[in-house]
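Understanding the architecture of this molecule
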Amino acid sequence: MKDLIASGRRCSAHIREFGDPEDPILSIVEDNLREFDAIDPASDGFCYPLDHSGTVPTLGKAPQTISLRLLNEAMEAVAVFFFCVRSELLSRLDYVA
């Protein structure tokens, strides 16, 4: 997750340059990524119950209950956002080429 957040920070300037920097979707996506990072910093908590040492629960910081429907909606929103960003940037690269 750290790599995703670092990548997000690197591409954030480009995303803001080509779109509306005040668009609320940007802060929503950033908030979702921060929340995922706070709950599952190694990005393996939903795959493995314990860390690599086998002693610490990977989702120890997760809420007691998780709505899979809301989690799915949040993940889909982030995925669609980055799909659209990728498509826009590829179109701009094609235009320049």
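Values in this document were obtained by computation on a predicted structure and should not be read as measured data.

**So, the side chain of Asp 44**
Relative to the elements of secondary structure, Asp 44 occurs in the loop between helix 2 (24-39) and helix 3 (68-96). One buried charge, Asp 44, has no salt-bridge partner; the nearest side chain with opposite charge is Lys 61, at 12 Å. Once residues within four sequence positions are removed from consideration, Asp 44 is found in contact with His 52 and Thr 58.

**Notes on the nonpolar core**
Listed in full, the seven residues of the largest apolar core are Ile 15, Leu 26, Val 29, Leu 33, Val 78, Phe 81 and Val 85. Residue assignment for this core shows that the elements contributing at least two residues are helix 2 and helix 3. Once you skip the residues sitting within four places of it in the chain, Leu 26 turns out to touch Ile 15, Arg 16, Asp 20, Pro 21 and Phe 81.

**Thoughts on helix 3**
Note on helix geometry: an α-helix contains 3.6 residues per turn, so any two residues three or four positions apart are oriented the same way. An ideal rise of 1.5 Å per residue puts 42 Å on 29 residues; helix 3 measures up with 42 Å between its terminal C-alpha atoms. By the burial criterion, the buried members of helix 3 are Ala 74, Val 78, Phe 81 and Val 85.

**Structural notes on helix 2**
Between its first and last C-alpha, helix 2 extends 23 Å over 16 residues, near the 22 Å set by a 1.5 Å rise per residue. What helix 2 keeps buried is the set Leu 26, Val 29, Asn 32, Leu 33, Phe 36, Asp 37 and Ile 39.

**Some details on the pattern of salt bridges**
Counted under the stated rule, the structure contains four salt bridges. Between Arg 69 and Glu 73 there is a salt bridge; the shortest N-O distance is 3.1 Å. You can see Arg 69 and its partner Glu 73 sitting in helix 3, four residues apart, about one turn around the helix. In this structure Arg 69 comes out as exposed when scored by relative accessible area, which is 54%. Among the ionic contacts, a cluster of salt bridges with common partners joins Glu 30, Asp 31 and Arg 34.

**Overview of the packing of helix 2 against helix 3**
Axis separation between helix 2 and helix 3 bottoms out at 10 Å; the angle between their running directions is 125 degrees. One way to sum up the angle between helix 2 and helix 3 is to call them oblique. Every pair of crossing elements has a handedness; the one defined by helix 2 and helix 3 is left-handed. Between helix 2, through Ile 25, Leu 26, Val 29, Asn 32, Leu 33 and Phe 36, and helix 3, the contact on the second element is made entirely by Leu 71, Ala 74, Met 75, Val 78, Phe 81 and Phe 82. By residue class, the composition of the contact of helix 2 with helix 3 is 11 nonpolar, one polar and no charged.

About the cut-offs
Per chain, residue numbering runs from 1 following the sequence as it is written. Predicted model: local features are reported for residues with pLDDT of at least 70 only, side-chain atom pairs are reported and counted for 80 or more only, and whole-chain, interface and lining totals are derived from all residues. To get the side-chain values, all heavy atoms of the structure are used, and hydrogens and water are removed first. Only DSSP runs of H or I reaching four residues or more are called helices, and only runs of E reaching two or more are called strands; each is numbered from the N terminus. Each residue is placed in one exposure class: buried if its accessible area under a 1.4 Å probe, protein chains only, is under 20% of its type's maximum, exposed if it is over 50%, and partly exposed if it falls in between. As used throughout, the charge tally considers Lys and Arg to be positive and Asp and Glu to be negative, leaving His and the chain termini uncounted. Whenever Lys or Arg places a side-chain nitrogen within 4 Å of a carboxyl oxygen from Asp or Glu, that contact is recorded as a salt bridge. Note on definitions: a residue-residue contact is assigned when non-hydrogen atoms from the two residues lie within 4.5 Å. Here, nonpolar core means buried Ala, Val, Leu, Ile, Met, Phe, Trp, Tyr and Cys residues that are tied together by side-chain atoms lying within 4.5 Å of each other. Each residue after the first adds 1.5 Å to the expected span of a helix. Simply put, an axis is a line fit to the C-alpha atoms, just over the touching stretch for a helix, and the angle between two N-to-C directions goes from 0 to 180 degrees. By definition in this entry, angles of less than 35 degrees are roughly parallel, angles greater than 145 are roughly antiparallel, angles of 65 to 115 are roughly perpendicular, and the rest are oblique. For any pair of crossing helices, the crossing counts as left-handed if the nearer helix is rotated counterclockwise from the farther one by less than a right angle, and right-handed if it is rotated clockwise. Ten residues, namely Ala, Val, Leu, Ile, Met, Phe, Trp, Tyr, Cys and Pro, are considered nonpolar, four, namely Asp, Glu, Lys and Arg, are considered charged, and the remaining ones, Gly among them, are considered polar.

It is worth stressing that arrangement in space is one thing and function is another; only the former is reported here.
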